[in-house]
Structure formats: C-alpha cells, structure tokens
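Topology and contacts: notes
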Amino acid sequence: MGKDDDKNVLKRGSVSKKDLMDEHVRLVQKEKELSQKYDEVKAIFQKLDEAYQTSKGTFSVQRYGKLKDMIKSATSESNIQQIQQAIQASPGQTAAWSGLTGLLSKAKVLSGESQDPALAQPPAKAPEKSSSFIKKIKKLTGFSDDPITDEEVMSEAQLTRDNGRKQRAITLLTNQLSKAVTQLEKLRQYYEASKSHAPPKRYQELKEMIKNACAEKF
C-alpha cells in the first residue's frame, strides 16, 4: 500500500473534533466516578484498621466478637459488588478510542500539516513527592494540578493528548479497584475457612487476617 493509500485510509478512519470532545467529556466523567469509588474503597480499609486498633483495649472475649463484626462489615456483599460494578462499567470503548484518536495525528503527519505546538509540549508533571495515589496518577499520566477541562477551547491535538492521559488514569484506577476486590474476597474466604477452628486459634487468625488486609497499600 502506497503513501497515498495510507492517507485515504487514515482520512476515512480519522476522528472529528466533535468526536474527540464527546470522548473527553465521557472520560472526565468516568475518571471522576472511579476516583470517588477509589476514595470509598480506601475508607473501607481505613475503617477496618481504625476499628482494629481501637479494639486492642478490649478483653479477648469481647474483642473476639468485634473482630468478626469488623471483617463481616468490610467484606459485605454490598461493598464487593459496588466495586465490581465500578470496574465492569469501564467500557472497552476506551481502548478502542485510543487507536481512533491516534489516527488523527497520523493523518496530519501524512498530509503534511504542521503539528499543533501544544502536542509537542511535554506534559506537566505533578510534584515528585506524594503519598496520595491520585497524585501518583497525575505524575504517571502527566496531569497538571489544573488540567484543561473546557473542550470548546481545546485543540484537536490537546483533546487527543488529554484523552490519552485520562485513559491511562482510568486504567490505573481500575487496576487499584481490582486489587482491592481481590483483597476483600481473600479476607472473606479466610474468614469463612476459620469457622472450623476453635475460638482460641480462630481469635489469633482473625487478628492476622485484619492486619494483613490493612497492610496492603492502595
């Protein structure tokens, strides 16, 4: 296939600015939803850890019941289902759009159009030191603290670049949520398995389960 044929294929498959704007709006909303769910997931583990630390001043007999309640609350079917639904709501369309939006830039190169200066600029970097996972996402994906959100004033190159950033952020958040679901399901499985053990042994196992779950960083 010659260069002219490549131009025709890319022209037919290129994405309009309206498409890029619509995708940007969708990605902004999706990232916001996943970020909110991520904060909720962190709260589950923080609550579990705080309850565990507070229970240390309780006698073993009373604490035994509290440890069971902590695990049942954290690993409730509602908690796990809500996280799974957030993960499953991330459509495969995101990956497909990654390829489509890339066609726009390729078409401009083949047609001899000059590249938008904004595309050549390196993405803004977040601060090097950050304990927040959200800030880590900004660092890895190139977000600035004040990203452009008004699609009307963004060029096609800016939209293409920012859509790619948001897709990467969504992937990172989805991976973290998947990790959290795995941890909660594992905790629930260990809890169920411990039911066959005598209270003294199970008491020690419950403590270890919670400590291990809370030690996992998200």
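Look a little higher up for the structure.
Residues numbered from 1 in each chain as written. Predicted model: local features only at pLDDT ≥ 70, side-chain atom pairs only at ≥ 80, totals over all residues. Heavy atoms only, no water.

Quick notes on the packing of aromatic side chains
- Counting across every chain of the model gives one aromatic pair.
- With centroids separated by 6.5 Å and ring planes inclined at 55 degrees, the aromatic side chains of Tyr64 and Tyr203 adopt a geometry described as tilted. With Tyr64 in helix H3 (residues 60-74) and Tyr203 in helix H9 (residues 199-215), the pair connects residues that are 139 residues apart, well separated along the chain.
- A residue is classified by how much of its surface remains accessible, and Tyr64, at 16% relative accessible area, is buried.
- Looking at Tyr203, the relative accessible area reads 10%, which means it is buried.
- Taking the ring centre of Tyr52 as reference, the NZ or CZ of Arg63 above it sits at 4.8 Å.
- Over the ring of Tyr191 we find Arg202; its NZ or CZ atom is 4.8 Å from the centre of that ring. (Phe/Tyr/Trp six-rings, centres within 6.5 Å; stacked < 30°, edge-to-face > 60°. Helix = DSSP H or I, 4+ residues; strand = E, 2+ residues; numbered from the N terminus. Buried < 20%, exposed > 50% of the residue type's maximum accessible area, 1.4 Å probe, protein only. Lys NZ or Arg CZ within 6 Å of the ring centre and 35° of its normal.)

Thoughts on the pattern of salt bridges
- In this structure the tally under the stated criterion is ten salt bridges.
- The partner of Asp22 in a salt bridge is Lys18, and the shortest N-O contact between them spans 2.8 Å. One end of the pair, Asp22, and the other, Lys18, are both in helix H2 (residues 17-54), four residues apart, so they sit about a helical turn from each other.
- Note on Lys18: relative accessible area 52%, which makes it exposed.
- The closest approach of N and O atoms between Glu192 and Lys195, which form a salt bridge, is 3.0 Å.
- Glu192 gets classed as partly exposed once you look at its relative accessible area, which sits at 41%. (Salt bridge = Lys/Arg side-chain N within 4 Å of Asp/Glu carboxyl O.)

Let's talk about the packing of H2 against helix H4 (residues 77-88)
- Interaxial distance between H2 and H4 falls to 10 Å at its minimum, and their mutual angle equals 155 degrees. Taken together, the axes of H2 and H4 are roughly antiparallel relative to one another. For the crossing formed where H2 meets H4, the hand is left-handed. On H4, the residues that touch Lys30, Leu34, Lys37, Glu40, Val41 and Ile44 of H2 are Asn79, Gln82, Ile83 and Ala86. (Axes fitted to C-alpha atoms, helices over the stretch in contact; angles between N-to-C directions. Parallel < 35°, antiparallel > 145°, perpendicular 65-115°, else oblique. Left-handed = near helix turned anticlockwise from the far one by under 90°. Contact = heavy atoms within 4.5 Å.)

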